[in-house]
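Next come the chains, spelled out residue by residue.
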Amino acid sequence: MYICNCNPFTDKDLDRALSDDAVLKTPSNVYKACSGGEVPCCGTCICEIKERVGKHLNKALLAVAE
Ligand code: FES
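Each chain has its residues counted from 1, following the order in which its sequence is written. Owing to the predicted nature of the model, reporting of local features is limited to residues with pLDDT of at least 70; listing and counting of side-chain atom pairs is limited to 80 or more, with chain, interface and lining totals taken over all residues.

Considerations on helix α3 (residues 46-65)
Since the α-helix packs 3.6 residues into each turn, any two residues three or four apart lie on the same face. Applied cut-off: Put simply, DSSP marks the helices as runs of H or I at least four residues long and the strands as runs of E at least two long, and each gets a number from the N terminus on. Here, expected helix span is obtained from the residue count minus one, scaled by 1.5 Å. Buried means a residue has 20 or more other C-beta atoms within 10 Å of its own C-beta, exposed means 12 or fewer, and partly exposed covers the counts in between; C-beta atoms are placed from the backbone.
End to end, α3 covers 28 Å across 20 residues, agreeing with the expected 28 Å (1.5 Å per residue, within 8%). When you tally the buried positions in α3, you get 2 out of 20 residues, a small fraction of the element.

Structure representation (structure tokens):
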């Protein structure tokens, strides 16, 4: 499923960026990692990316707390 249509990348690209230790987990850095360094155009996908990054960080925090 495409997450961004302006600089096309999919949910699989997003998952890959989120699991890459070299990618700092901010929406901006994750976007750049998925889009080959591009910046967002229309911004329609940003809410989805922020939500996915937030879920990823919450999951990581819960794993540390256990
Ligand atoms: S859909 Fe991602 S920047 Fe437009």
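And the narrative resumes.
Here's the deal with the nonpolar core
The following threshold applies: Throughout this description, the term nonpolar core refers to a group of buried Ala, Val, Leu, Ile, Met, Phe, Trp, Tyr and Cys residues whose C-beta atoms join them within 7 Å. For the purpose of contact definition, each residue receives a C-beta atom placed from its backbone, and two residues are in contact when these atoms lie within 7 Å.
Ranked by size, the top nonpolar core spans 12 residues in total: C4, F9, L14, A17, L18, V30, Y31, A33, C34, C45, I49 and V53. Within the residue set of this core, elements represented by two or more residues are α1 (11-19), α2 (27-35) and α3. In terms of residues, this core owes the most to one element, α2, which gives 4 residues. Excluding its chain neighbours within four sequence positions, the residues that come into contact with V53 are K25, T26, P27 and V30.

Brief notes about the packing of α2 against α3
Applicable threshold: Interaxial angles span 0 to 180 degrees and are taken between N-to-C directions of axes, which are lines fitted to C-alpha atoms, for helices over the stretch in contact. If an angle is under 35 degrees, it is roughly parallel; if it is over 145, roughly antiparallel; if it lies from 65 to 115, roughly perpendicular; otherwise it is oblique. All amino acids are sorted into three groups, where Ala, Val, Leu, Ile, Met, Phe, Trp, Tyr, Cys and Pro are nonpolar, Asp, Glu, Lys and Arg are charged, and the leftover types, Gly among them, are polar.
Remark: α2 packs on α3, axes separated minimally by 9 Å, with the N-to-C direction vectors making an angle of 110 degrees. Between α2 and α3, the crossing angle belongs to the class labelled roughly perpendicular. Residues P27, V30 and Y31 of α2 pack against I46, I49, K50 and V53 of α3. Residues of the contact of α2 with α3, tallied by class, amount to 6 nonpolar, no polar and 1 charged.

A few points about the environment of D15
One can find D15 in helix α1. Taking the number of C-beta atoms within 10 Å as the measure of exposure, D15 has 13 and is therefore partly exposed. In this structure the C-alpha to C-alpha distance between D15 and L62, which are 47 residues apart in sequence, comes to 18 Å.

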